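Analysis of the macromolecular model
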Amino acid sequence: MKHLIDPTDLTVKEIDDIIELALDIIENKEKYSEACKGKKLATLFFEPSTRTRLSFEAAMMELGGNVLGFSSADSSSATKGESVGDTVKVVSCYADIIAMRHPKEGAPLFGSMVSDVPIINAGDGGHNHPTQTLTDLLTIKREKGRLNNFTIGLCGDLKFGRTVHSLIKALSRYEGIKFILISPKELKVPSYIITEVFEKNNIEYEEVTTMEEVMDRLDVIYMTRVQKERFFNEADYVRLKDTYILDASKLKNAKSDLSIMHPLPRVNEISTELDDDPRACYFRQALNGKFVRMALILSMLEVNV
Ligand code: CP
């Protein structure tokens, strides 16, 4: 039985296969409409979510399956003191596959050690968010037509942003990707990413503090929210939260085929004036999340259509 806890739990070939399957689902939705008939997905969300939980649930419904679960720790027996391990063990009696989000790093990994069914990490603290990464890769594939040979700027909270950590781990395994890390010094990418991913694998990267100085070189800009919920100090959050606001003036020197991405939710990082710019793909990205999660569910349940 395979779990998805970290993006590197999937080989590049497995990721490419999931993306190809998602592309086929987009083209042939009817073909998959009963693929998971009789199967159940449990969504165990100990932390808030709009996109991840609802797209997982929509994905299972569009595959003809059923969903159960909870959307906050408050509505589960965690409030009575039940451990994550016991919760997962019990829910694995009721469902065929589990998507789990938790504020504590490592909680889904722990769950996977006691689960009788596959566990998908739907975001653990500031650590990883592998299904957002699959969403991002499908989006880049659809927008750019490829997953190699481009320069990506990752901008904002690179310290606590789990989507960034997972995306770097996955993309660094493709050829010719150059990473430009745009953040204030307080929110730089964790040092383990620098040593274990970039340096160990001789990946080209650069750290800068403004988006303006690199905008003309970017093929993709990936904006992120400053993760208020991970800060220990409210004053630091208030000081840093609006460091980067992408608006039309900042795109003056941008490429005409730049892809503007954001895992969402957005606070102020991208001005709404850009929403109708054809380069803005963050809402298309959210839609891709449903298709790639359909492909992931099929693949993890080993359902062949
Ligand atoms: N991108 C993402 O994880 O969004 P949610 O927190 O709404 O699930």
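Bear in mind the structure is a predicted one, so any value in this text is a computation, not a measurement. (Residues numbered from 1 in each chain as written. Predicted model: local features only at pLDDT ≥ 70, side-chain atom pairs only at ≥ 80, totals over all residues. Heavy atoms only, no water.)

**Details of the site of the ligand**
Near the ligand the following residues occur: Ser 49, Thr 50, Arg 51, Thr 52, Arg 101, His 129, Gln 132, Pro 263 and Leu 264. One nitrogen or oxygen atom from the main chain of Thr 50 is found 2.7 Å from an oxygen atom belonging to the ligand. In this structure, Thr 52 approaches the ligand through a side-chain N or O atom, which is 2.7 Å from an oxygen atom. Residues belonging to the shell around the ligand are distributed by class as follows: two nonpolar, five polar and two charged. (Near = heavy atom within 4 Å. Polar contact = N/O pair within 3.5 Å; in protein donor to acceptor, adjacent residues only side chain to side chain. Nonpolar A, V, L, I, M, F, W, Y, C, P; charged D, E, K, R; others polar.)

**Considerations on the pattern of salt bridges**
Oppositely charged side chains can pair when the atoms bearing their charge come close. Evaluated as defined, the whole model comprises 24 salt bridges. A salt bridge links Lys 178 to Glu 204, with the nearest nitrogen and oxygen atoms 3.4 Å apart. Pair noted here: Lys 178 is in strand S6 (residues 177-182) and Glu 204 is in the loop between helix H7 (191-199) and strand S7 (205-208), with a separation of 26 residues, a long-range link. In this structure Glu 204 comes out as partly exposed when scored by relative accessible area, which is 48%. Among the ionic pairs, Asp 242 bridges to Lys 241, the shortest N-O distance being 3.2 Å. The class for Asp 242 is partly exposed, based on a relative accessible area of 34%. Residue Lys 241 is classed as partly exposed on the basis of its relative accessible area of 28%. (Salt bridge = Lys/Arg side-chain N within 4 Å of Asp/Glu carboxyl O. Helix = DSSP H or I, 4+ residues; strand = E, 2+ residues; numbered from the N terminus. Buried < 20%, exposed > 50% of the residue type's maximum accessible area, 1.4 Å probe, protein only.)

**Details of the sheet that holds strand S3 (residues 97-102)**
With parallel pairing, the four strands of this open sheet are ordered in space as S2-S1-S3-S4. The open sheet terminates on both sides in strands that have one partner only, identified here as strand S2 (66-70) and strand S4 (119-124). Averaged over neighbouring strand pairs, the angle between their axes works out to 15 degrees when direction is ignored. With five bridges connecting them, strand S1 (residues 40-45) and S2 associate as parallel partners. Each residue of the ladder has a partner; that of Leu 44, found in S2, is Phe 70. (Pairing = 2+ DSSP bridges. Axes fitted to C-alpha atoms, helices over the stretch in contact; angles between N-to-C directions.)

**Description of helix H2 (residues 51-62)**
Owing to its 3.6 residues per turn, the α-helix brings residues three or four apart onto one side. If you check H2, its first and last C-alpha atoms are 16 Å apart, about what 12 residues at 1.5 Å a residue would give, namely 16 Å. Of the surrounding elements, those touching the buried residues of H2 are S1, S2, S3, S4, helix H5 (130-144) and helix H9 (282-300). With its phi angle positive at about 85 degrees, Gly 64 sits one or two positions after the end of H2. (Expected span 1.5 Å × (residues − 1). Contact = heavy atoms within 4.5 Å.)

**A few points about the nonpolar core**
Among the nonpolar cores identified, the biggest contains 58 residues, and Ile 152, Leu 154, Ile 168, Leu 171, Phe 179, Leu 181 and Ile 297 are the most heavily contacted of them. Looking at which element gives the most residues to this core, the answer is H9, with eight residues. Residues Ile 182, Ala 254, Leu 264 and Ala 280 belong to the second largest nonpolar core, which totals 21 residues. (Core = buried A, V, L, I, M, F, W, Y, C linked by side-chain atoms within 4.5 Å.)

**Considerations on a nonpolar patch on the surface**
On the surface, Leu 109, Phe 110 and Met 113 cluster together into a nonpolar patch covering about 320 Å² of accessible area. As for its position among the elements, Phe 110 is in helix H4 (residues 107-114). Owing to a relative accessible area of 44%, Phe 110 belongs among the partly exposed residues under this scheme. (Patch = residues over 30% accessible without salt bridge, like charges linked within 9 Å, V, L, I, M, F, W, Y side chains within 5 Å. Areas by Shrake-Rupley, 256 points an atom, 1.4 Å probe, with all protein chains shown as cover.)

**What to know about the environment of Pro 7**
When you line up the elements, Pro 7 lands in the segment before helix H1 (12-27). If sequence neighbours within four positions are ignored, Pro 7 has contacts with Ile 15, Asn 128, Pro 130, Ser 166, Lys 169, Ala 170 and Arg 173.

**Let's talk about the packing of H5 against H9**
At their nearest, the axes of H5 and H9 sit 8 Å apart, and the two run at 115 degrees to each other. The pairing of H5 with H9 is recorded here as roughly perpendicular in orientation. In the packing of H5 onto H9, the handedness of the crossing is right-handed. For the pair H5 and H9, the contacting residues are Thr 131, Gln 132, Leu 134, Thr 135, Asp 136, Leu 138, Thr 139, Arg 142 and Glu 143 in the first and Arg 284, Gln 285, Asn 288, Gly 289, Phe 291, Val 292, Arg 293 and Leu 296 in the second. Split into classes, the residues belonging to the contact of H5 with H9 amount to five nonpolar, seven polar and five charged. (Parallel < 35°, antiparallel > 145°, perpendicular 65-115°, else oblique. Left-handed = near helix turned anticlockwise from the far one by under 90°.)

**As for the pairing of S4**
Within S4, six of the six residues are buried, which leaves it mostly tucked inside the rest of the structure. The pairing of S3 with S4 spans four bridges and is parallel. Counted as the bridge partner of Ala 99 is Ile 120 from S4. What joins S3 to S4 is H4, and the crossover it makes is right-handed. (Right-handed = clockwise from strand over helix to strand, strands pointing away.)

**Quick word on the packing of aromatic side chains**
Going through the model one piece at a time under the given rule, you end up with six aromatic pairs. Here Phe 231 and Tyr 237 contribute two aromatic rings whose centre-to-centre distance is 5.8 Å and whose plane-to-plane angle is 70 degrees, an arrangement assigned as edge-to-face. The same class applies to Phe 231 as to Tyr 237, namely buried. Members of the aromatic cluster, connected to one another through ring pairs, are Phe 160, Phe 231 and Tyr 237. Positioned above the aromatic ring of Phe 56 is the side chain of Arg 293, whose terminal nitrogen or guanidinium carbon lies 5.2 Å from the ring centre. (Phe/Tyr/Trp six-rings, centres within 6.5 Å; stacked < 30°, edge-to-face > 60°. Lys NZ or Arg CZ within 6 Å of the ring centre and 35° of its normal.)

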